[in-house]
Amino acid sequence: MAKGIWVIVEQRNLEIRKVSLELLSQGRILANQMSEPLVAVILGKGVAGLAGTISGYGADKVIVVDDEKVADYTTGSYTSVLNQLIRKGEPQAVLIGNTAIGKDLAPRLAHRLGVGMVSDCTGMEYDETTFLAFKRPIYGGKAFAHAAVNVRPVLATIRPNSFPMAVPDPSRQGEVVSETATIEAADLQAIVKEIVIAASKRPELTEADIIISGGRGMKGPENYHILEECADVIGAAVGASRAAVDAGWIEQKFQVGQTGKTVSPTLYIACGISGAIQHLAGMGSSKVIIAINKDSEANIFNLADYGIVGDLFEIIPLLTAEFKKLAS
């Protein structure tokens, strides 16, 4: 009989991703409502020491695969190991963050298990009739679909910043179970030789609580420093519209939108961004949106909670100065 809610915990350089802590926090709430155990699964090399932190966020059981063979993520190795663990443990639901890794892993895992999946969810709640009900944006964020999966296990990816993180309980002691990484030969097609990580003190774009983005109104790459200065004062990530990326003003990794990254921060500041549908699809679920644009008819104002009609080159430095005063 299927039992428990599982959260696949993602870590990078032995640091647990924020979205995984959010899933553990929400998973604990759901597990209590269903009287089911919450189980966390973490893979990697040297990850055994993270079990205590995971338990503190609500896990009743932590399955640890601390093995050199899964030291670095590859689709094949993680799919192989998780497929075996899930078939063995028979959970009712498996939750994965809708990150770059999660979006790569979840569909392959769903296929291997022979189950359906719900992707990029921004809401999730227990329903006595359908078990778990998910909410996900559709039509570029203009509407929301409510979905349920009848086959067990239910597999879903959850957008970062969709749920609050609980306050961890350091005294909580969950059961820790160690498993070995048994990988099928057919899944060993890719081997990671090297990982190059760009150094940055700013938060990762998809997990940032605050994002300040620039569009065509930035006028050129030489002007992005005013957004970077502001971002560093308020602990924000820097983003960009497709127009700015296509113009070569900023790297593609900063692009927010349908063909870029989907974000859901607490605060999104759009500077010189007109509000094309492609961009709105990537940030429309932000909790609070502030738009700064000289064009009072810009589409971004239709979505914004607060709008400032004016020159961003005058407004951003003024905001930065005020933020500095508050920080001092």
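Structure: see above.
A short tour of the structure in this document, coming up. As the structure is a computational prediction, the values presented were derived from the model and not from experiment.

## Observations regarding the packing of aromatic side chains
Now for step 1: According to the stated counting rule, one finds one aromatic pair in the structure shown.
Now for step 2: Ring plane angle 75 degrees and centroid distance 4.8 Å describe the contact between Tyr73 and Tyr78, whose orientation is recorded as edge-to-face.
Now for step 3: The residue whose ring lies beneath Lys135 is Phe144, and the NZ or CZ to ring-centre distance is 4.8 Å.

## Some details on the pattern of salt bridges
Now for step 1: Considering all chains together, one arrives at 15 salt bridges under this definition.
Now for step 2: Its salt-bridge partner being Glu179, residue Lys88 comes within 3.1 Å of it at the nearest N-O pair. With Lys88 in helix H3 (residues 75-89) and Glu179 in the loop between strand E12 (175-178) and strand E13 (210-214), the pair connects residues that are 91 residues apart, well separated along the chain.
Now for step 3: For Lys88, a relative accessible area of 61% gives the class exposed.
Now for step 4: On the basis of relative accessible area, Glu179 is assigned to the partly exposed category, the value being 22%.
Now for step 5: Salt bridges here are not isolated pairs; linked through shared partners, they connect Glu10, Arg17, Glu204, Glu207 and Lys261.

## Describing the pairing of strand E16 (residues 288-293)
Now for step 1: Across five bridges, strand E15 (residues 267-271) lies against E16 in parallel orientation. Across the sheet, residue Ile269 finds its bridge partner in E16, namely Ile290.
Now for step 2: Once you follow E15 into helix H7 (residues 277-283) and on to E16, the crossover reads as right-handed.
Now for step 3: Sheet analysis places E16 next to strand E17 (residues 306-309), joined by four bridges and oriented parallel. Bridged to Ile290 within E17 is Tyr306.

## Some thoughts on the packing of H3 against helix H4 (residues 100-113)
Now for step 1: The N-to-C vectors of H3 and H4 enclose an angle of 45 degrees; their axes lie 9 Å apart at closest approach. The orientation of H3 with respect to H4, classified from their angle, is oblique. Judged by the sense of rotation from one axis to the other, the crossing of H3 with H4 is right-handed. Residues Thr75, Tyr78, Thr79, Ser80, Leu82, Asn83, Ile86 and Arg87 of H3 lie in contact with H4, whose contacting residues are Asp104, Leu105, Arg108, Leu109, Arg112 and Leu113.

## Some points on the environment of Thr129
Now for step 1: Structurally, the position occupied by Thr129 is in the loop between strand E8 (123-127) and strand E9 (131-138).
Now for step 2: Placed 19 residues apart in sequence, Thr129 and Ala148 show a C-alpha to C-alpha distance of 9.9 Å.

## Some thoughts on the packing of helix H5 (residues 225-234) against helix H9 (residues 312-327)
Now for step 1: Remark: H5 packs on H9, axes separated minimally by 9 Å, with the N-to-C direction vectors making an angle of 20 degrees. Taken together, H5 and H9 sit at an angle that is classed as roughly parallel. Here H5 and H9 pass one another in a crossing that is left-handed. Between H5, through Ile226, Leu227, Glu229, Cys230, Val233 and Ile234, and H9, the contact on the second element is made entirely by Leu312, Phe313, Ile316, Thr320, Phe323 and Lys324.
Now for step 2: Tallied by class, the residues present in the contact of H5 with H9 amount to nine nonpolar, one polar and two charged.

## Some points on the sheet that holds E17
Now for step 1: In spatial order, the strands read E14-E13-E15-E16-E17; together these five strands make up an open sheet with parallel pairing. The sheet is open, and its two borders are formed by strand E14 (237-240) and E17, each paired with just one other strand. Direction aside, the axes of adjacent strands within the sheet are offset by 15 degrees on average.
Now for step 2: Along the sheet, H5 makes contact with E13, E14 and E15, crossing E13 at roughly 175 degrees.

Analysis parameters
- Residues numbered from 1 in each chain as written.
- Predicted model: local features only at pLDDT ≥ 70, side-chain atom pairs only at ≥ 80, totals over all residues.
- Heavy atoms only, no water.
- Phe/Tyr/Trp six-rings, centres within 6.5 Å; stacked < 30°, edge-to-face > 60°.
- Lys NZ or Arg CZ within 6 Å of the ring centre and 35° of its normal.
- Salt bridge = Lys/Arg side-chain N within 4 Å of Asp/Glu carboxyl O.
- Helix = DSSP H or I, 4+ residues; strand = E, 2+ residues; numbered from the N terminus.
- Buried < 20%, exposed > 50% of the residue type's maximum accessible area, 1.4 Å probe, protein only.
- Pairing = 2+ DSSP bridges.
- Right-handed = clockwise from strand over helix to strand, strands pointing away.
- Axes fitted to C-alpha atoms, helices over the stretch in contact; angles between N-to-C directions.
- Parallel < 35°, antiparallel > 145°, perpendicular 65-115°, else oblique.
- Left-handed = near helix turned anticlockwise from the far one by under 90°.
- Contact = heavy atoms within 4.5 Å.
- Nonpolar A, V, L, I, M, F, W, Y, C, P; charged D, E, K, R; others polar.

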